[in-house]
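In case you want the letters, here they are:
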Amino acid sequence: MAGGAAPWVVFAAMMLVLVAGTVAKYVLPGRVLKQAGAPTSTLVLGGLSAAVGFFVIPVVGLLVGAVLGVYFGELHRLRNGWAAWRSTVATAKAIGLGMLVELAAGLLATAIWLVSVLAGVG
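Residues numbered from 1 in each chain as written. Predicted model: local features only at pLDDT ≥ 70, side-chain atom pairs only at ≥ 80, totals over all residues. Heavy atoms only, no water.

A. Structural view of the overall build of the chain. Per the secondary structure count, the chain includes four helices and zero strands. Counting from the amino terminus, helix and strand elements in the chain follow one another as α-α-α-α. Once the C-alpha set of the chain is aligned to its principal axes, its extents read approximately 65 × 35 × 20 Å. Here the contacts in the chain between residues at least 6 apart in sequence split such that 58% fall between residues at least 24 apart. (Helix = DSSP H or I, 4+ residues; strand = E, 2+ residues; numbered from the N terminus. Contact = heavy atoms within 4.5 Å.)

In structure tokens, the structure reads:
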């Protein structure tokens, strides 16, 4: 890094954005899921199913496994196919929101870096 405080200020700004994005990635979907009523056990089952799907079905297995895991977890809990599907859709939307927040934080941190490079700061 170049000498002086400016590169460290840029680094601190990038880290602040990335940490805030990481925290928001978990907090915002968590709120949505609590409102939808999905328990933590359903999310754990979805995560485990996603891991299995990743190895069983090439390319799309992670997504397919996660959705099926959440659906069957909710079906077992609610004993109603339509209610389980609504809960699965709400869970998928919440996870998608978390992914968008993480993407936005990464893009903002990259933009901060790019502006600093173009300005000749670091």
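B. Inspection of the packing of helix α3 (residues 61-78) against helix α4 (residues 81-119) at higher detail. α4 packs onto α3 with a crossing angle of 140° between their chain directions and a minimal axis gap of 8 Å. On the basis of their axis angle, the class for α3 and α4 is oblique. As α3 packs across α4, the resulting crossing turns out to be right-handed. Here V67, V70, Y71, E74, L75, R77 and L78 of α3 come into contact with α4, specifically with G81, A83, A84, W85, S87, T88 and T91. Classifying every residue of the contact of α3 with α4 by side-chain character gives eight nonpolar, four polar and two charged. (Axes fitted to C-alpha atoms, helices over the stretch in contact; angles between N-to-C directions. Parallel < 35°, antiparallel > 145°, perpendicular 65-115°, else oblique. Left-handed = near helix turned anticlockwise from the far one by under 90°. Nonpolar A, V, L, I, M, F, W, Y, C, P; charged D, E, K, R; others polar.)

C. A look at the environment of A24. Relative to the assigned elements, A24 resides in helix α1 (residues 6-36). A24 gets classed as partly exposed once you look at its relative accessible area, which sits at 22%. Measuring from C-alpha to C-alpha, the distance between A24 and V89 comes to 20 Å, with 65 residues separating the pair along the chain. In contact with A24, not counting residues within four places along its chain, are P29 and V101. (Buried < 20%, exposed > 50% of the residue type's maximum accessible area, 1.4 Å probe, protein only.)

D. Molecular detail of the packing of aromatic side chains. Evaluation of the coordinates by the stated rule reveals four aromatic pairs. Measuring from ring centre to ring centre gives 6.0 Å for W8 and F11, while their planes differ by 85°; the resulting arrangement is edge-to-face. Here the residue W8 and the residue F11 both occupy positions in helix α1, the gap between them amounting to three residues, near one helical turn. Note on W8: relative accessible area 52%, which makes it exposed. For the ring pair Y71 and W85, a centre distance of 6.1 Å and an interplane angle of 65° mean the geometry is edge-to-face. Linking Y71 in helix α3 with W85 in helix α4, this pair joins segments that are 14 residues apart in sequence. Residue classification places W85 among the partly exposed positions, given a relative accessible area of 40%. (Phe/Tyr/Trp six-rings, centres within 6.5 Å; stacked < 30°, edge-to-face > 60°.)

E. Highlighting the layout of surface pockets. In this structure, the largest pocket spans a volume of roughly 600 Å³. What lines the largest pocket is a set of 21 residues, among which A66, T91, I95, G96 and M99 lie closest to the centre. Looking at the lining of the largest pocket, the elements with two or more residues in it are α1, α2 (40-56), α3 and α4. In terms of residue count, the dominant contributor to the lining of the largest pocket is α4 (eight residues). Of the residues that constitute the lining of the largest pocket, the class distribution is 13 nonpolar, six polar and two charged. (1 Å grid on protein atoms, 1.4 Å probe; cavity = no way out; pocket = protein on both sides within 12 Å on 5 of 7 lines; lining within 4 Å. Points joined across faces, edges and corners; volume = space filled by probe spheres on them.)

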